[in-house]
Amino acid sequence: MDHAELISKMTDEEKASLCSGADFWHTKGVARLGIPQMMLTDGPHGLRKQEEKERQNNVSLVSTCYPTASALACSWDVTAAERLGRAVAKEAWNADVAVLLGPGINMKRSPLCGRNFEYFSEDPYLSGEMGAALVNGIQSNGVGSCIKHFAANNQETNRQTSNSQIDERALREIYLSAFEYVVKTARPATVMASYNRLNGYYACENRHLLTEILREEWGFDGFVVSDWGASYDVPSAIAAGTDLTMPGPLGIRNIVDAVNSGRLPEEKLDTAIRNILRVTLGSTAFTGKYPEFHLQEAYEAAEMAARESVVLLKNDGVLPLDKTTDVVFCGKRSKDFVLIPASVAASTDLGTNPYDRACELSGTEHVRYEVAGKETKYWIVTVGADACEGADRLTMDMDEDDRLELERALKEAEAAGGKLILIVNATGPVDLSAYESRVSAIVCPFFAGMMSGKVTADILFGLVNPSGHLPLTWPRHYYDCPSYKNYGGENKEVWHGEGIYVGYRWYDARHIRPLYPFGHGLSYTSFALSDLCVPESVRIDDEPLAVQVNVKNTGAMAGSEVIQLYVHDGACCYDRPEKELKAFCKVYLQPGEEKTVTLTLKKEDFAGWYADFGEWIVQPGRFELLLGISAEDIRLTASVRVRCRDPFGLSGRTAVGALVKDRQALEIVNRIMEDDMETLAAVALAYAPDKTLQELWNATNIHGALLRKGWDEEEIARRYAAIMEEFEELQARKI
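Residues numbered from 1 in each chain as written. Predicted model: local features only at pLDDT ≥ 70, side-chain atom pairs only at ≥ 80, totals over all residues. Heavy atoms only, no water.

Points about empty space enclosed by the protein
Considering all chains together, one arrives at three cavities of 30 Å³ or more under this definition. Empty space within the largest cavity amounts to approximately 130 Å³. In terms of residue class, the lining of the largest cavity is built from eight nonpolar, four polar and three charged. Reported here for the second largest cavity is a volume of approximately 60 Å³. Forming the walls of the second largest cavity are Arg109, Ala152, Asn153, Asn154, Gln155, Arg159, Ser162, Ser164, Asn196, Tyr487, Val494 and His496. The residue inventory of the lining of the second largest cavity, partitioned by class, reads three nonpolar, seven polar and two charged. (1 Å grid on protein atoms, 1.4 Å probe; cavity = no way out; pocket = protein on both sides within 12 Å on 5 of 7 lines; lining within 4 Å. Points joined across faces, edges and corners; volume = space filled by probe spheres on them. Nonpolar A, V, L, I, M, F, W, Y, C, P; charged D, E, K, R; others polar.)

This is how it looks when you write it as C-alpha cells:
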C-alpha cells in the first residue's frame, strides 16, 4: 500500500495522532494499517535509551560511551566519524531504537555555551564534513539520524524564548551552511527544529526556515520533529513544516479542530503524514532488519575515535614520558575522568582514567596519587569545566576545586624542581592565561568517551602519537571572543552583531592572537609540506580545482598530520573573511614516508552569500590558497585564477549608470528596443544611476515608450528576453 492510499484510509484523529508522540520517546502507530511505532532516543555519542518507568529518574540503559562531538571534531577524521556512527547504530538496532537524535550541527559561537560538547566546531565546513560522515555511518544500515538543533540554537540561556537576531548573510554562511551540507550529502532521516526564535519566529513555526529553505531549496524529504516541547502551537507548527511534535500525546484535538475550522489546511496535514511515513516505513521498526551487534566492535570504534581526537596543545619536550619516571597524578578528575553529559550519552561502568592506566603501564612503584614521593619528577593535574543542557557556563574559568588543586600542585612542582603536565578535560576552552607559561605540557581530550582515560595515558607515555587538532579557537581571555557582550542577550533578544565573523574569522579580522589557533595540534613527530601544485586557472563552472601537495614525516615516530586548505578572496567587491577553511585531509605516515595529498575545491568553496541578490555568488578573479596545519601555521601558498560568469556582469540587475558606460551593452539595448536608452533614462541617469535595467524597463518612461511603438506586453517581454540572451552571450565570451 503506497503512502497516498494509506493516508486516504486514515481518520482525521489517526492523522492527528501521527503528528504527535505516543509518549516521551515513541511515535504513534496505526496498528490497523500496519504503521508501527518508532523509538527515538538521544545518543550519537552513546545510546541514551530510557524505559518509560525510569524516565522520571533520568536512568538510562548501560551502553558504550563514545567521544562527544566536541572531541570527535578534534580528530578531523571523517573515517573515524563514520565508523563511530556505524557502531552506535548497531547498538541502537540491538535496543529497538529506530532514530538517534543527533548529531548536533550548531556552531560554537561562544565558549560558554552549555551544549558545546554536542557540537563540532566554530567552522561550518568542518562541522558539515564531520556531521555528514557521522550521519552516513548511523544510517548505513537502517537507523535514522536526526540532525539538530535547526537553527541558530547557540546558547542555553533562555533557550525556549530567546530570539536569535541574525542577518541573512551570517545565517547562510555560518549558521545554516553545515546543515545544508549534511542535508544535501548525507540525507538525514529527520531534522529537529529548535526551541528558540529566529528573527522573530519560533523555529517550529518558521515556514521560511522549514519549508522554503529546508525543503524547497535543499530538497529535504524526511520529517521535521520539534525539540521536546518546542511546538508551542501545534497546528501552526504543522502548517510551517514541523511534521512531528514531541513528546506526546499533545494537541491531537487541536489539530483536528484546526482542520475542521480551516485554520490548518488538510493538505498541510497530509504532507506532514507523508513525510513521517516516508521515514517510518523505511525504518527498522517497520522492516525488522537488525544486524548483529558486537560489543568488541563498539569498544574498538570508541577507542579509535578517542585516539584520533586527543589534542596536544603544548609540549616543551617533556612528553612522551619514560615508563620508569616517577609521576604523581593530582585532582579528582584524574580518577573520575569520563564525564557523561546527560543529554548526549548513556550510563556506563566501563570508563577508564589516566591514573589507573598509568599504573598498568609503569607499575604502582612509579605512579602515585595526590602525594608526591622523593623521586617524583612530574606532576600530572587534570582540570575541567562541566557544562550541561539547559545552562550556559558563566565564565571561562575552570572549576574552582580544580583551580585550587592546580595551584597546589604547581607550588609543589616548582619547589621540587619538577615539571607539571596539565590535562584539560572540559566542554570547551578554559582560561589558562595565568598558567600556560608555568606548565610544560597541555593535553586536551574534550570528553572523548569511556576510553579517553586509557588513550590519554597512552599519549602521555608515547604508546599513541597525538594527532588531534582544535576545531575551535582557544582565546586568551573571554573578552577576546567575537560574541563578547552579545552572548546571552538582553530582554531575550540575542543580537549576533559579529555577523559572519565567528571563530578564527574574527581573530583574523581584529588581529587578535589567541592562546591556541583554530586547527592547532602538536605531534611527537614532525612533518614537511612541499611541492604545492595548483593550475594557473580553472573554469570552476565546468570542473573542480585539484590542489596537490607532498607531505613527509620528517621525524622518528609514525604519526598523522591534518593538512588544512584555506581560501582567501582578495579581489571581491564586498567584504569577505581573511580566509576560510574549504578542504582538509588527515594523512598517516611512517618515519621518512612521503605521500601526495589531493584536495578538491568546488565552485561553492569560492562562494559567498550576497544579500542584495539573495543568492550564493562567485566573483571571477584571483584567489589565494593557503595550505597549513593550523589557521596560523600556513606553510605554503599559491594563487589561482577562477574563471566563471561574473554575477555583477551584464544582466537585468545592471545599474543603468554602468550600462550606458559599456558601449557594447548599450548598443545591444538600443538595437533591440529600437530607441535610445540614454534619452529614455535621462532622469534616472541624472538622479538615480543605481536603478537597474529591470526596474527601468518596467517603469513609466521606458515601458510607456515601448507601448507607444504599438508593442503589446508579450512583445515587450520578448524584447527584454532577447537583450538578456545577448548579454549572456557577451558574458560567456569574457570567461
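Here we look at the pairing of strand β3 (residues 144-150)
Among the seven residues in β3, seven count as buried, and that is most of the element. Pairing analysis gives two bridges linking strand β2 (residues 99-101) to β3, with the strands arranged parallel. Each bridged residue has a counterpart across the sheet, and for Val99 the counterpart in β3 is Gly144. A crossover connection joins β2 to the parallel β3 through helix α5 (residues 124-139); in handedness this β-α-β unit is right-handed. Relative to strand β5 (residues 190-193), β3 runs parallel, the two sharing three bridges. Within β5, the position partnered with Phe150 by the bridge is Ala193. (Buried < 20%, exposed > 50% of the residue type's maximum accessible area, 1.4 Å probe, protein only. Helix = DSSP H or I, 4+ residues; strand = E, 2+ residues; numbered from the N terminus. Pairing = 2+ DSSP bridges. Right-handed = clockwise from strand over helix to strand, strands pointing away.)

Things to note about the environment of Leu693
Turning to its location among the elements, Leu693 is positioned in helix α22 (residues 693-697). For the pair formed by Leu693 and Lys595, sequence separation is 98 residues and the distance between their alpha carbons is 53 Å. Once residues within four sequence positions are removed from consideration, Leu693 is found in contact with Ser651, Gly652, Thr654, Leu659, Met677, Tyr720, Ile723, Met724 and Phe727. (Contact = heavy atoms within 4.5 Å.)

Concerning helix α15 (residues 400-416)
In a regular helix each residue adds 1.5 Å, so 17 residues correspond to 24 Å; α15 covers 24 Å between its end C-alpha atoms and thus fits that length. When we look at burial in α15, the residues that qualify are Asp402, Glu405, Leu406, Ala409, Leu410 and Ala413. Mapping the buried residues of α15 onto a view down its axis gives an arc of 140°, with all of them on the same face. Relative to its buried face, α15 has exposed residues pointing more than 90 degrees away, namely Asp401, Lys411 and Ala415. Against the buried residues of α15 lie β10 (327-330), β12 (378-383) and β13 (419-424). Two residues or fewer past α15, Gly417 is found with a positive phi of approximately 75°. (Expected span 1.5 Å × (residues − 1). Arc of directions from axis to C-beta.)

Details of the pattern of salt bridges
In this structure the tally under the stated criterion is 56 salt bridges. Glu297 is the salt-bridge partner of Lys90, the closest N and O atoms lying 3.3 Å from each other. Of this pair, Lys90 sits in helix α4 (residues 78-94) while Glu297 sits in helix α13 (residues 295-309); the two residues are 207 residues apart in sequence, bridging distant segments of the chain. Since its relative accessible area comes to 25%, Glu297 is described here as partly exposed. Its salt-bridge partner being Lys603, residue Asp541 comes within 2.5 Å of it at the nearest N-O pair. Taken together, the residues Asp541 in the loop between β17 (537-539) and β18 (545-553) and Lys603 in the loop between β21 (594-601) and β22 (608-610) connect sequence positions 62 residues apart. With a relative accessible area of 42%, Asp541 lands in the partly exposed category. What you see here is one network of salt bridges that share partners, running through Asp42, Arg115, Glu118, Lys148, Glu156, Arg159 and Glu389. (Salt bridge = Lys/Arg side-chain N within 4 Å of Asp/Glu carboxyl O.)

Side note on the sheet that holds strand β4 (residues 163-165)
Across the sheet, which stays open at both edges, the four strands sit in the order β7-β6-β4-β15 with mixed pairing between neighbours. Two strands bound the open sheet, and with one partner strand each, they are β7 (201-202) and β15 (493-495). Pairing geometry for β4 and strand β6 (residues 197-198), over two bridges, is parallel. The residue of β6 that forms the bridge with Ser164 is Leu198.

Honestly, it's all geometry; don't read function into it.
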